[in-house]
Amino acid sequence: SAVISQKPSRDICQRGTSLTIQCQVDSQVTMMFWYRQQPGQSLTLIATANQGSEATYESGFVIDKFPISRPNLTFSTLTVSNMSPEDSSIYLCSVEGSTEGAFFGQGTRLTVV
Amino acid sequence: DQQVKQNSPSLSVQEGRISILNCDYTNSMFDYFLWYKKYPAEGPTFLISISSIKDKNEDGRFTVFLNKSAKHLSLHIVPSQPGDSAVYFCAASLGYSGGGADGLTFGKGTHLIIQP
């Protein structure tokens, strides 16, 4: 299993500002994933982050809005840029499991006002 | 278009009875299915999974059934306990047992409430 520390756990931000979410894993992993869960919706994959290369974004998500860093095999950040109220969501980082599918951080609850 | 659907946003079950959570999928390429449990202010945690080559997997009080022809799976919890109250997410994977490079596709979740 993997233990994932994600911070902040929650934040309230002004529209037009940016927030960077940090994700620390207790072991080295090749791939890290960032998900978003909007109110009443399922978890949606934003991007996959591999160390040493640019993140791969899913349809509907772009690097300018959600820049991701992956400086080493245990750490990643997701920035939510130029925020609007529509960005209010729970953001989750995860790492690949085997039979467990994935391990998740505790999530960041973002409210944009 | 949602590829994984959980049509019941909530389910209320009496303690000691069986809880049955349902999940439907549309993509026949999915070959691995998982259930996650989520408490408020926590990330989802893995509960149980099933490969498409099986139709049943059991782990203690939890059993997952897969009906490939109907593209339907269900999670049975018996007996239900108060600590089972949580949101349950169904997820599916393409081609990899662990989600792989494509990540996981999730349903919207079902909020299970166990009543004393």
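Everything discussed here concerns the structure shown above.
Residues numbered from 1 in each chain as written. Chains lettered and ligands numbered in written order. Predicted model: local features only at pLDDT ≥ 70, side-chain atom pairs only at ≥ 80, totals over all residues. Heavy atoms only, no water.

**Here we look at the sheet that holds strand β3 (residues 19–25) of chain B**
Threshold: Only strands joined by at least two bridges in the DSSP assignment are considered to pair. Elements are defined by DSSP. Helices are runs of H or I of four residues or more, strands are runs of E of two residues or more, and each kind is numbered from the N terminus.
The five strands are arranged β1-β3-β8-β7-β6 (chain B) in an open sheet whose pairing can be described as antiparallel. Of all the strands in the sheet, the pair left with one neighbour each is β1 (4–5) and β6 (56–59) of chain B.

**Remarks on the interface of chain B and chain A**
Interface size is commonly expressed as the accessible surface area that is lost when the partners come together. For the record, the criterion: The contact criterion used throughout is that any non-hydrogen atoms of two residues lie within 4.5 Å. Computed with a 1.4 Å rolling probe, the buried area is the accessible surface lost when two parts are put together, summed over both parts. Any Lys or Arg side-chain nitrogen found within 4 Å of a carboxyl oxygen on Asp or Glu counts as a salt bridge. Polar contact criterion, stated in full: a pair of N or O atoms within 3.5 Å, where within protein one must be able to donate a hydrogen and the other to accept it, and residues adjacent in sequence count only if both atoms are side-chain atoms. Put simply, Ala, Val, Leu, Ile, Met, Phe, Trp, Tyr, Cys and Pro go in the nonpolar bin, Asp, Glu, Lys and Arg in the charged bin, and everything else, Gly too, in the polar bin.
Residue-level contacts link 23 residues of chain B with 22 residues of chain A. Together, the buried faces of chain B and chain A total about 1,600 Å²; carbon and sulfur atoms form 57% of this surface. Linking chain B to chain A there are zero salt bridges. Our count for the contact surface shared by chain B and chain A stands at four residue pairs in polar contact (both at pLDDT 80 or more). Mapped by element, the contributors of at least two residues to the side of chain B that touches chain A are β4 (30–38) and β5 (45–51) of chain B. The residue makeup of the side of chain B that touches chain A, split by class, is ten nonpolar, nine polar and four charged.

**Focus on the pattern of salt bridges**
Under the convention used in this document: Each residue gets one of three labels from its accessible area relative to the maximum for its type: buried under 20%, exposed over 50%, partly exposed in between, using a 1.4 Å probe on protein chains only.
What the rule picks out here adds up to three salt bridges over all chains. Linking Lys65 of chain A and Asp87 of chain A is a salt bridge whose minimum nitrogen-to-oxygen distance equals 2.6 Å. With Lys65 of chain A in the loop between β6 (56–57) and β7 (68–72) and Asp87 of chain A in the loop between β8 (75–80) and β9 (89–96), this residue pair connects regions lying 22 residues apart in the sequence. Of the charged contacts, one joins Glu58 of chain B and Lys56 of chain B as a salt bridge, the two residues approaching to 4.0 Å between their closest N and O atoms. Classification of Lys56 of chain B as partly exposed rests on a relative accessible area of 43%.

**Observations regarding the state of the cysteines**
One way to say it: the disulfide is the covalent bond shared by the sulfur atoms of two cysteines. As a reminder, the rule being used: Disulfides are defined as pairs of cysteine sulfur atoms found within 2.5 Å of each other.
Per the stated rule, a full pass over the model turns up two disulfides over all chains. The disulfide partner of Cys23 of chain A is Cys93 of chain A, and the gap between their sulfur atoms is 1.9 Å. One quick way to see it: the torsion about the S-S bond of Cys23 of chain A and Cys93 of chain A is about 70°, and its sign makes the bridge right-handed. Of this pair, Cys23 of chain A sits in strand β3 (residues 19–25) while Cys93 of chain A sits in strand β9; the two residues are 70 residues apart in sequence, bridging distant segments of the chain. Taken as a pair, Cys23 of chain A and Cys93 of chain A share a single burial class, namely buried. One disulfide bridge connects Cys23 of chain B with Cys90 of chain B, the sulfur atoms lying 2.0 Å from each other. On the sign convention where negative is left-handed, the bridge of Cys23 of chain B and Cys90 of chain B, at about -75° about the S-S bond, is left-handed. Highlighted residues: Cys23 of chain B in strand β3 and Cys90 of chain B in strand β9 (residues 86–94), separated in sequence by 67 residues. The closest cysteine sulfur to the non-disulfide-bonded Cys13 of chain A is located on Cys93 of chain A, 17 Å from its own sulfur.

**Looking at the sheet that holds strand β1 (residues 4–7) of chain A**
Residues and elements named next belong to chain A. Going by this rule: Angles shown run from 0 to 180 degrees and are taken between the N-to-C directions of axes, each axis being a line fitted to C-alpha atoms and, for helices, limited to the stretch in contact.
The strand order β1-β3-β8-β7 describes an open sheet built from four strands, whose pairing is antiparallel. Two strands close off the open sheet at either side, each with one partner strand: β1 and β7. On average, each strand axis in the sheet is tilted by 15° relative to the strand beside it, whichever way the strands run. Where β7 lies against β8, three bridges are found, and the strand directions are antiparallel. Of the residues in β8, the one forming a bridge with Ile68 is Leu78.

**Looking at unusual backbone geometry**
Between Lys7 of chain A and Pro8 of chain A the backbone carries a cis peptide bond, its omega angle lying at 0°. Tracing the chain through its elements places Pro8 of chain A in the loop between β1 and β2 (10–13). Here the residue pair Val78 of chain B and Pro79 of chain B is connected by a cis peptide bond, since its omega of -10° sits within 30 degrees of zero. Inspection of the secondary structure assignment puts Pro79 of chain B in the loop between β8 (72–77) and β9. Of note, Asn82 of chain A is a non-glycine position whose phi angle comes to about 45°, a positive value.

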